[in-house]
Amino acid sequence: MSTNEKPEVFKVATFTLSDTRTPSDDVGGRVLVDRLRAAGFTVVSHAILREEPDELREAIHYVCDADAADAIVLTGGTGIAPRDRTIEVIAPMLDKTIDGFGEAFRRLSWDQIGPRAILSRAIAGVVRGKVIAALPGSPSAVELAVDALLAPTLAHAIALASGRGGKHAAHGHAHGKHGRKH
């Protein structure tokens, strides 16, 4: 990269999935937005959606149709409670899965919360050329996922999923403590 060339800044749309959260108490959503920005991404929008499958499906289709973002990151609705249906909505939409994301998240989460980590159904994949990741609603889980997994890999994943190639792997993105250039 020449000294005049700036690294590409990727756009991310974020959503909190919850029947009870409001803008004043959406701590997980605030952590998500703050951590993504700290990692060098531009958060183009954040919304709170009820845990209704049609609302989430429509939101994802809107982001893809409008080309409003390069990636979509969700928090909430990934557990096993009756209203947790984020995974049931996203999984059938995925053109490609990023299986290592959920595996790595559960492994890292195990170190923090022990065996309860197996109850997380965090996933990631690609929908119509957009990287999508579904994180638990806990602020500490969001922090872990963004800092340890998304900050160091999301720019490269976006470049690959969008067909822009792997050029972002060489110079990385602005990362927190876990970000490394490979």
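Calculation criteria
- Residues numbered from 1 in each chain as written.
- Predicted model: local features only at pLDDT ≥ 70, side-chain atom pairs only at ≥ 80, totals over all residues.
- Heavy atoms only, no water.
- Helix = DSSP H or I, 4+ residues; strand = E, 2+ residues; numbered from the N terminus.
- Buried < 20%, exposed > 50% of the residue type's maximum accessible area, 1.4 Å probe, protein only.
- Areas by Shrake-Rupley, 256 points an atom, 1.4 Å probe, with all protein chains shown as cover.
- pLDDT = per-residue confidence, 0-100.
- Contact = heavy atoms within 4.5 Å.
- Expected span 1.5 Å × (residues − 1).
- Pairing = 2+ DSSP bridges.
- Right-handed = clockwise from strand over helix to strand, strands pointing away.
- Arc of directions from axis to C-beta.
- Core = buried A, V, L, I, M, F, W, Y, C linked by side-chain atoms within 4.5 Å.
- Polar contact = N/O pair within 3.5 Å; in protein donor to acceptor, adjacent residues only side chain to side chain.
- Patch = residues over 30% accessible without salt bridge, like charges linked within 9 Å, V, L, I, M, F, W, Y side chains within 5 Å.
- Salt bridge = Lys/Arg side-chain N within 4 Å of Asp/Glu carboxyl O.

Check the secondary structure of the protein chain and you find six helices and six strands. Secondary structure of the protein chain in N-to-C order comes out as β-α-β-α-β-α-β-α-β-β-α-α. By the burial criterion, 45% of the 182 residues in the protein chain qualify as buried. Accessible surface computed for the protein chain: about 9100 Å², of which carbon and sulfur atoms make up 55%.

Okay, the confidence of the model for the protein chain next. Mean pLDDT over the protein chain: 90, with 87% of residues reaching 70 or higher. Residue range residues 169-182 is modelled with pLDDT below 50. Its contacts to residues more than four positions away, or to other chains, number 26 contacts.

This paragraph deals with helix 1 (residues 27-38). Between the first and last C-alpha of helix 1 there are 16 Å, a value that for 12 residues agrees with the 16 Å anticipated at 1.5 Å per step. Those residues of helix 1 that fall on the buried side of the exposure criterion are G28, G29, V31, L32, V33 and L36. Looking at the buried residues of helix 1, the elements they touch are strand 1 (11-17), strand 2 (42-49), strand 3 (71-75), strand 6 (130-135) and helix 5 (139-161).

In this section: the pairing of strand 2. The side chains of a regular strand alternate between the sheet's two faces. As defined by bridge partners, strand 1 adjoins strand 2 across seven bridges and the pair is classed as parallel. Paired with L17 across the bridge in strand 2 is L49. For the crossover that starts at strand 1, traverses helix 1 and ends in the parallel strand 2, the hand is right-handed.

In this model, helix 4 (residues 99-113) (15 residues) spans 21 Å end to end at C-alpha, consistent with the 21 Å of a helix rising 1.5 Å per residue. The complete set of buried residues in helix 4 reads F101, G102, F105 and S109. When helix 4 is viewed along its axis, its buried side chains cluster within an angular range of 85° and face the same direction. The exposed set on the far side of helix 4, more than 90 degrees from its buried face, consists of E103 and D111. Buried residues along helix 4 sit in contact with strand 5 (123-127), strand 6 and helix 5. G114 lies just past helix 4 and shows a positive phi near 75°.

Turning next to the nonpolar core. One finds L36, F41, F101, L135, L150 and L154 to be the most contacted residues of the largest nonpolar core, which totals 30 residues. Counting residues per element, the ones that place at least two in this core are helix 1, strand 3, helix 4, strand 6 and helix 5. The greatest single-element share of this core, amounting to 12 residues, is contributed by helix 5. Among all residues touching L135, those that are not within four sequence positions of it are L32, V73, L74, T75, G76, T78, F101, V142, A145, V146 and L150. I60, I87, I90 and I123 belong to the second-largest nonpolar core, a separate cluster that totals 21 residues.

Moving on, we get to the environment of D99. By the element assignment, D99 lies in helix 4. Between the C-alpha atoms of D99 and I123, which are 24 residues apart in sequence, the distance is 7.1 Å. Side chain to side chain, D99 and T97 meet in a polar contact 3.0 Å long.

Taken together, the side chains of I80, W110, I118 and L119 present a nonpolar region at the surface, about 450 Å² in accessible area. With respect to the element layout, W110 can be found in helix 4. By relative accessible area, W110 is classed as partly exposed at 43%.

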